[in-house]
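Descriptive analysis of the structure
The chain contents come next:
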Amino acid sequence: MLQVIFGLLLVLAAIVGIAWFFRRFSMGAMLGRIQPARVVSGVMVGPHERVVIVELAEEWLVLGVTSRNVNLLKTMPKPEGSDAGQPAANPPFAQWLATAMDKARKRQGDGDK
């Protein structure tokens, strides 16, 4: 019985070790860090349909995305005014939430005194 338990533990340890090795050193993980494409914008045009602008190699691709497929609608050069280094503007809800949290913190700070 001791041999069976030891064999089982050895097999489980080997599985965990191999999984860790492949996660740590696989090419898929290394390629996952490189992002050649960036989503610039997207808009819903139906319940399951979107139009998305993707930046790829100094070019913008306008894609129609559905639940079943992705279609290239148009290819255009990257506009000169757009810069990848600029931070994206906060959506209205994010701005509202940030101001509400700041107000709550200020009220808590005033109540402690």
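Residues numbered from 1 in each chain as written. Predicted model: local features only at pLDDT ≥ 70, side-chain atom pairs only at ≥ 80, totals over all residues. Heavy atoms only, no water.

**Regarding the pattern of salt bridges**
Rules: Salt bridges are identified by distance alone: a Lys or Arg side-chain nitrogen within 4 Å of an Asp or Glu carboxyl oxygen. Secondary structure is summarised from DSSP: a helix means a run of H or I of at least four residues, a strand means a run of E of at least two, and numbering begins at the N terminus for each. Under the scheme applied here, a residue whose accessible area is under 20% of the maximum for its type counts as buried, over 50% as exposed, and between as partly exposed, the area being computed with a 1.4 Å probe on protein chains only.
This model, assessed by the stated rule, comprises 4 salt bridges. Across the salt bridge formed by Glu55 and Lys78, the nearest N and O atoms sit 3.3 Å from each other. Taken together, the positions of Glu55 in strand 2 (residues 50–56) and Lys78 in the loop between strand 4 (70–77) and helix 3 (92–112) put the pair 23 residues apart, joining distant regions of the chain. By the burial criterion, Glu55 is buried, and Lys78 matches it.

**Some points on the side chain of Lys78**
Put simply, the test is: Each polar contact in these results corresponds to two N or O atoms within 3.5 Å; when the atoms are within protein, one needs to be able to donate a hydrogen and the other to accept it, and residues that are neighboring in sequence are counted only if both atoms are side-chain atoms.
Accessibility expressed as a relative area gives 19% for Lys78, which makes it buried. Polar side-chain contacts of Lys78 include one of 3.3 Å to the side chain of Glu55.

**As for unusual backbone geometry**
Positive phi, normally seen in glycine, also occurs at Ala57, with a value near 55 degrees. Following the sequence through the fold, Ala57 ends up in the loop between strand 2 and strand 3 (59–65). Residue Ala57 is classed as exposed on the basis of its relative accessible area, which comes to 66%. Even without a glycine there, the phi angle at Glu58 is positive, about 60 degrees. Relative to the helices and strands, Glu58 is located in the loop between strand 2 and strand 3. Exposure remark for Glu58: the relative accessible area of 56% places this residue in the exposed category.

**Topic: helix 1 (residues 2–25)**
Spacing of three or four residues puts side chains on the same side of an α-helix, whose turn is 3.6 residues. Basically, it comes down to this: In a helix, the anticipated span is given by 1.5 Å times the number of residues less one.
Between its terminal C-alpha atoms helix 1 stretches 34 Å, which fits the 34 Å expected from 24 residues at 1.5 Å a residue. The buried count for helix 1 comes to 0 of 24 residues, which makes it a mostly uncovered element.

**Quick notes on a nonpolar patch on the surface**
To be explicit about the condition: Residues enter a patch when their relative accessible area is above 30% and they make no salt bridge; the linking distance is 9 Å between like charges and 5 Å between nonpolar side chains (Val, Leu, Ile, Met, Phe, Trp, Tyr). Note on areas: Shrake-Rupley, 1.4 Å probe, and residue coverage restricted to the protein chains presented here.
On the surface, Met1, Ile5, Leu8, Leu9, Val11, Leu12 and Ile15 cluster together into a nonpolar patch covering about 750 Å² of accessible area. With respect to the helices, strands and loops of the structure, Val11 is situated in helix 1. For Val11, a relative accessible area of 48% gives the class partly exposed.

**What to know about the packing of aromatic side chains**
Which entries qualify depends on this criterion: Each Phe, Tyr or Trp ring, with Trp reduced to its six-membered ring, pairs with another whose centre is within 6.5 Å; inter-plane angles below 30 degrees give stacked pairs, above 60 give edge-to-face pairs, and intermediate values give tilted ones.
Scanning all chains against the criterion turns up 1 aromatic pair. Between Phe21 and Phe22, the aromatic rings sit 5.9 Å apart at their centres with planes inclined by 70 degrees, giving edge-to-face as the arrangement. Here Phe21 falls in the partly exposed class, since its relative accessible area comes to 43%. What makes Phe22 exposed here is its relative accessible area of 53%.

As far as function goes, none of this settles anything; it's purely spatial.
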